[in-house]
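Here are the chains, one letter per residue:
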Amino acid sequence: MGTFSKLHRFHEAGQGANVKNMDQFGTPAYSLYTSTKVFTLHHHIDITDDNKNVVYQARSKFISLHDKTDLYNASGEHVAHIQRKLISLHERHYITMEDGLSFELSNELFHIIKDVTNIVGLGWQLRGNILALNFELYDKDGSIIAVIGQKMLSIHDKYCIDIYKPEYEQIIIAILVTLQHMIRDREAASSSSSSGSSSSGN
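Residues numbered from 1 in each chain as written. Predicted model: local features only at pLDDT ≥ 70, side-chain atom pairs only at ≥ 80, totals over all residues. Heavy atoms only, no water.

Further remarks concern the overall build of the protein chain. A tally of helices and strands in the protein chain yields 2 helices and 12 strands. By residue count, 44% of the 202 residues in the protein chain fall in the buried class. Of the roughly 10700 Å² that the protein chain leaves accessible, carbon and sulfur atoms contribute 55%. (Helix = DSSP H or I, 4+ residues; strand = E, 2+ residues; numbered from the N terminus. Buried < 20%, exposed > 50% of the residue type's maximum accessible area, 1.4 Å probe, protein only. Areas by Shrake-Rupley, 256 points an atom, 1.4 Å probe, with all protein chains shown as cover.)

Structural data, given as structure tokens:
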């Protein structure tokens, strides 16, 4: 049975897709889940299935100006490399899949209610609602690929992702990992800005 909240799209493993996702897009092929290990020297994200089996892992270097991350499948095979552009007016990350496909996530400005992140090289769009912690991934024809929900008030930074086009699974996971990094960077920048304002006001 899907979760009942029409505002918040996150659901735990085994709960079934969110009712709003079902109303809008139908039943997803399946769902995957992420959990970030927060007390490690390396930023580490596990992606698991409904049975809590790890199907992908993302590992980032602890000290890296470019925030370099590599994605691996359950067999330890390399899937994708993700790297942030160091200096840019845009929030921009480059993704290179193991098969050579490359694309980038580019977000010009962070709007308070709605975000649209263009995925240059694929023609896709990631449309988000930060207040509700929801994101929808669309292909170049406007068809839904996946819906992402972030768990509120979780120290492990949990997400679920309902996948509607399984043929794009690895690309979807690479985009999800990149999105988590973009949100984390933004939260860090916001925290730094707030503390700076507090210091200058004293």
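Take the pairing of strand 4 (residues 69–73) next. Within a regular strand, the side chains alternate between the two sheet faces. With respect to burial, strand 4 is a largely interior element, 5 of its 5 residues being buried. The alternating pattern of strand 4 places T69, L71 and N73 on one face and D70 and Y72 on the opposite face, and all of these are buried. For strand 4 and strand 5 (residues 78–84), the ladder comprises 4 bridges, and the chain directions are antiparallel. Note on strand 5: the bridge partner recorded for L71 is A80. Between the antiparallel neighbours strand 4 and strand 5 lie 4 residues, among them G76 with a positive phi of about 85°. (Pairing = 2+ DSSP bridges.)

With that out of the way, let us pick up the packing of aromatic side chains. Scanning the entire structure with this criterion turns up 2 aromatic pairs. Ring geometry for F25 against Y164: centres 5.9 Å apart, planes inclined by 70°, an arrangement best described as edge-to-face. In this pair, F25 sits in helix 1 (residues 19–25) while Y164 sits in the loop between strand 12 (159–163) and helix 2 (169–201), placing the two residues 139 residues apart along the sequence. Among the residues examined, F25 registers a relative accessible area of 21% and is labelled partly exposed. On the numbers, 5.0 Å between centres and 70° between planes, the contact of W124 with Y168 is edge-to-face. With W124 in strand 9 (residues 124–129) and Y168 in the loop between strand 12 and helix 2, this residue pair connects regions lying 44 residues apart in the sequence. Between the NZ or CZ atom of R59 and the centre of the ring of Y72, over which it lies, the distance is 4.4 Å. Here the guanidinium or amino end of R127 rests over the ring plane of Y138, the centre of that ring lying 4.1 Å away. (Phe/Tyr/Trp six-rings, centres within 6.5 Å; stacked < 30°, edge-to-face > 60°. Lys NZ or Arg CZ within 6 Å of the ring centre and 35° of its normal.)

Once that is clear, we can look at the environment of E12. Mapped onto the fold, E12 is located in the segment before helix 1. Look at E12 and you get partly exposed, because its relative accessible area is 28%. It is 8.5 Å that separates the C-alpha atoms of E12 and D50, two residues lying 38 residues apart in sequence. Apart from the residues within four sequence positions on either side, E12 is in contact with Y33, K151 and K158. (Contact = heavy atoms within 4.5 Å.)

With that out of the way, let us pick up the nonpolar core. Formed by 35 residues in total, the largest nonpolar core has its most connected members in L71, I95, F103, L137 and I175. Take this core: its biggest share by element is 10 residues, from helix 2. Aside from chain neighbours lying at most four places away, what touches L71 is I47, Y56, Q57, A58, E77, H78, V79, A80, Q170, I173, A174 and V177. (Core = buried A, V, L, I, M, F, W, Y, C linked by side-chain atoms within 4.5 Å.)

Glancing now at the side chain of S31. Its location among the elements puts S31 in strand 1 (residues 30–37). You can call S31 buried: its relative accessible area is 7%. Apart from the residues lying within four places of it in its own chain, the contact partners of S31 are H11, D49, D50, I161 and D162.

So, about the side chain of K165. With respect to the helices and strands, K165 occurs in the loop between strand 12 and helix 2. Within the structure, the side chain of K165 is placed 2.7 Å from the side chain of D139, a separation counted as a polar contact. Every residue in contact with K165, bar those within four places of it in the chain, is listed here: D139, S143, I144, I145 and I172. (Polar contact = N/O pair within 3.5 Å; in protein donor to acceptor, adjacent residues only side chain to side chain.)

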